[in-house]
Amino acid sequence: MDVDSAMVPETDHDPASQNHNGGGPPEQPQSGGGGSPAPAPAQQAVQQTPVVGPRPAPTYSVVNATIEKKEDGPGPRCGHTLTAVAAVGEEGTPGYIGPRLILFGGATALEGNSAVSGAPSSAGSAGIRLAGATADVHCYDVLTNKWSRITPFGEPPTPRAAHVATAVGTMVVIQGGIGPAGLSAEDLHVLDLTQQRPRWHRVVVQGPGPGPRYGHVMALVGQRYLMAIGGNDGKRPLADVWALDTAAKPYEWRKLEPEGEGPPPCMYATASARSDGLLLLCGGRDANSVPLASAYGLAKHRDGRWEWAIAPGVSPSPRYQHAAVFVNARLHVSGGALGGGRMVEDSSSVAVLDTAAGVWCDTKSVVTSPRTGRFSADAAGGDAAVELTRRCRHAAAAVGDLIFIYGGLRGGEI
């Protein structure tokens, strides 16, 4: 995994510094449903009404992308990753490649009513059929609104779900997960998208690392540090924090011991990095299978110390197996499971943590106390736009002010 100069600069922050500018245009969310073929072009976005103070969470709409051949579309799946990759070159020049979303892996079938022992379980009674886990790669071209299946050069990762993926420049780094053979190896796989024909590489990393695990999180912090946190090693949920400096060779994982109060051992949380280097870990499921509502910020001090801090505001609902992505200073959270076949619903299924204002918002208003809401395994109804996010095990990514969601489980079905 080579890094160019654009990936090296570091910005250090105190975790309590939440006053990042939250300006910018209103978010324009898009949704590709569990089986619907695609996210949307920009002109299909839901328009926001200007308001005074923190904006409510946006709503989502379904549109269709172009799929020339059946195999070009990802189809229904869950436990996959969706990663935004920046454009290569200058628009209008030879060799220019526009911004893309890279979808990797996931499961395309369910076990029925019995989950595999030691494997991830769904929000309902059906578990992922690990024999149906994939290692295929699909690419969504944001400018042309078109899906395609790509076959990179090189040796691909093994089929897997519940893995993690993060963009480092024009590369997608993939680690962990679980597949037909059990836990995937801890190797780092890199999909290099710099050229017209992508290529797989396996990264050589010195010394011990996070080890095999699934249901963990990974994010690139400060455009430099790959951070891997938590998950499950097949025995128990974890709370450890690992960092890999992409600007220093040979590559080496370093186990961190951040100061402050951090999250408990948990799996199926989300980790998202703000543009200035603050990482936010949100939700998850603890060792007692209890869904968590808390959010924690992790940042690096100028003297090299890392520190956790509890994020401000009142989350509208606990959740796990959800998705989260930053747009400017607003962390957009969608869907999630509550356990026992229940999923987060109603106005709580879409939430925003406004880190500039220090508050959570749902689709109605600023949240001042947890929402009780209506929780049901299968019943639909209510706001149609909110119903789109009543799912878990999906994936989300942002390109500019556009938010894309794809796949997941809804009502126990992919």
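Criteria and cut-off values
Residues numbered from 1 in each chain as written. Predicted model: local features only at pLDDT ≥ 70, side-chain atom pairs only at ≥ 80, totals over all residues. Heavy atoms only, no water. Helix = DSSP H or I, 4+ residues; strand = E, 2+ residues; numbered from the N terminus. Buried < 20%, exposed > 50% of the residue type's maximum accessible area, 1.4 Å probe, protein only. Contact = heavy atoms within 4.5 Å. Salt bridge = Lys/Arg side-chain N within 4 Å of Asp/Glu carboxyl O. pLDDT = per-residue confidence, 0-100. Core = buried A, V, L, I, M, F, W, Y, C linked by side-chain atoms within 4.5 Å. Phe/Tyr/Trp six-rings, centres within 6.5 Å; stacked < 30°, edge-to-face > 60°. Lys NZ or Arg CZ within 6 Å of the ring centre and 35° of its normal. Pairing = 2+ DSSP bridges. Axes fitted to C-alpha atoms, helices over the stretch in contact; angles between N-to-C directions. Polar contact = N/O pair within 3.5 Å; in protein donor to acceptor, adjacent residues only side chain to side chain.

- Taking an unreviewed UniProt entry as the reference, the chain is identified by name as Serine/threonine-protein phosphatase BSL3 belonging to Punica granatum.

## Observations concerning the overall build of the chain
So, step 1. Per the secondary structure count, the chain includes 1 helix and 29 strands.
So, step 2. Going through the 414 residues of the chain one by one, you find that 57% of them count as buried.
So, step 3. Partitioning the contacts of the chain with sequence separation of at least 6, the portion at a separation of at least 24 is 63%.

## Quick look at the pattern of salt bridges
So, step 1. Under the counting rule described, the total for this entry stands at 12 salt bridges.
So, step 2. With a shortest N-O distance of 2.8 Å, Asp-245 and Arg-224 are connected by a salt bridge. With a gap of 21 residues between them, Asp-245 in strand β14 (residues 237–245) and Arg-224 in the loop between β12 (217–221) and β13 (225–232) connect regions that are remote in the sequence.

## Quick notes on the confidence of the model for the chain
So, step 1. Taken over all residues, the pLDDT of the chain has a mean of 83, while the share at 70 or more is 80%.
So, step 2. Throughout residues 33–51 the model reports pLDDT below 50, and contacts reaching past four residues in sequence, or to other chains, amount to 63 contacts.
So, step 3. Across residues 374–381, confidence stays below pLDDT 50; counting only partners more than four residues off in sequence or on other chains, it has 24 contacts.

## Observations concerning unusual backbone geometry
So, step 1. Following Lys-249, the chain continues into Pro-250 via a peptide bond in cis, with omega recorded as 0°.
So, step 2. Within the secondary structure layout, Pro-250 lies in the loop between β14 and β15 (253–256).
So, step 3. A positive phi angle, close to 55°, is found at Asn-145, a residue other than glycine.
So, step 4. For Asn-145, the position within the fold is in the loop between β4 (137–141) and β5 (146–150).
So, step 5. Positive phi outside glycine occurs at Asn-328, with the angle close to 55°.
So, step 6. Examined against the element boundaries, Asn-328 turns out to sit in the loop between β22 (323–327) and β23 (330–334).

## Digging into the environment of His-201
So, step 1. Relative to the elements of secondary structure, His-201 occurs in strand β11 (residues 199–203).
So, step 2. In sequence terms His-201 and Phe-153 are 48 residues apart; their C-alpha atoms lie 8.9 Å from each other.
So, step 3. Apart from residues lying up to four places away in sequence, His-201 is in contact with Leu-188, His-189, Val-190 and Asp-192.

## Focus on the nonpolar core
So, step 1. Counting 19 residues, the largest nonpolar core has Met-227, Ile-229, Leu-279 and Leu-298 as the members making the most contacts within it.
So, step 2. Only β12, β13, β14, β18 (279–282), β20 (295–300) and β21 (306–310) provide two or more residues apiece to this core.
So, step 3. Every residue in contact with Met-227, bar those within four places of it in the chain, is listed here: Val-217, Met-218, Ala-219, Val-221, Val-241, Trp-242, Ala-243, Leu-256, Leu-279, Leu-298 and Trp-306.

## What to know about the packing of aromatic side chains
So, step 1. As enumerated under the stated definition, the model contains 8 aromatic pairs in all.
So, step 2. Residues Tyr-225 and Trp-306 carry aromatic rings whose centres are separated by 5.5 Å and whose planes lie at 90° to one another, so their mutual orientation is edge-to-face. Taken together, the residues Tyr-225 in strand β13 and Trp-306 in strand β21 connect sequence positions 81 residues apart.
So, step 3. Residue Trp-306 is classed as buried on the basis of its relative accessible area of 5%.
So, step 4. Put simply, the rings of Tyr-140, Trp-147, Phe-404 and Tyr-406 pair up and form one aromatic cluster.
So, step 5. Positioned above the aromatic ring of Phe-153 is the side chain of Arg-197, whose terminal nitrogen or guanidinium carbon lies 3.8 Å from the ring centre.

## Quick look at the sheet that holds strand β7 (residues 171–175)
So, step 1. Strand order in the open sheet formed by 4 strands is β6-β7-β10-β11, with antiparallel pairing between adjacent strands. Two strands lie at the open edges of the sheet, namely β6 (164–168) and β11, each paired on one side alone. Within this sheet the neighbouring strands show an average axis-to-axis angle of 25°, counted without direction.
So, step 2. As defined by bridge partners, strand β10 (residues 188–192) adjoins β11 across 5 bridges and the pair is classed as antiparallel. Residue pairing for β11: His-189 is matched across the bridge by Arg-202.

## Quick look at the side chain of Thr-134
So, step 1. As for its placement among the helices and strands, Thr-134 is situated in the loop between β3 (100–104) and β4.
So, step 2. For Thr-134, a relative accessible area of 14% puts it in the buried group.
So, step 3. For Thr-134, the side chain forms a polar contact with the side chain of Arg-77, separated by 3.2 Å.
So, step 4. The contacts of Thr-134, once residues within four sequence positions are left out, are Arg-77, Gly-105, Gly-106, Thr-108, Pro-159 and Arg-160.

## Some points on the sheet that holds strand β17 (residues 270–273)
To summarise the sheet geometry, strands pair through backbone hydrogen bonds and adopt either a parallel or an antiparallel arrangement.
So, step 1. Reading across the sheet, the 4 strands line up as β17-β18-β20-β21 and stay open at both edges, with antiparallel pairing between neighbours. The strands lining the two open edges of the sheet, one partner per strand, are β17 and β21. Within the sheet, the average angular offset between the axes of one strand and its neighbour, ignoring direction, is 25°.
So, step 2. The pairing of β18 with β20 spans 4 bridges and is classified as antiparallel. Bridge pairing in β20 links Leu-281 to Tyr-296.

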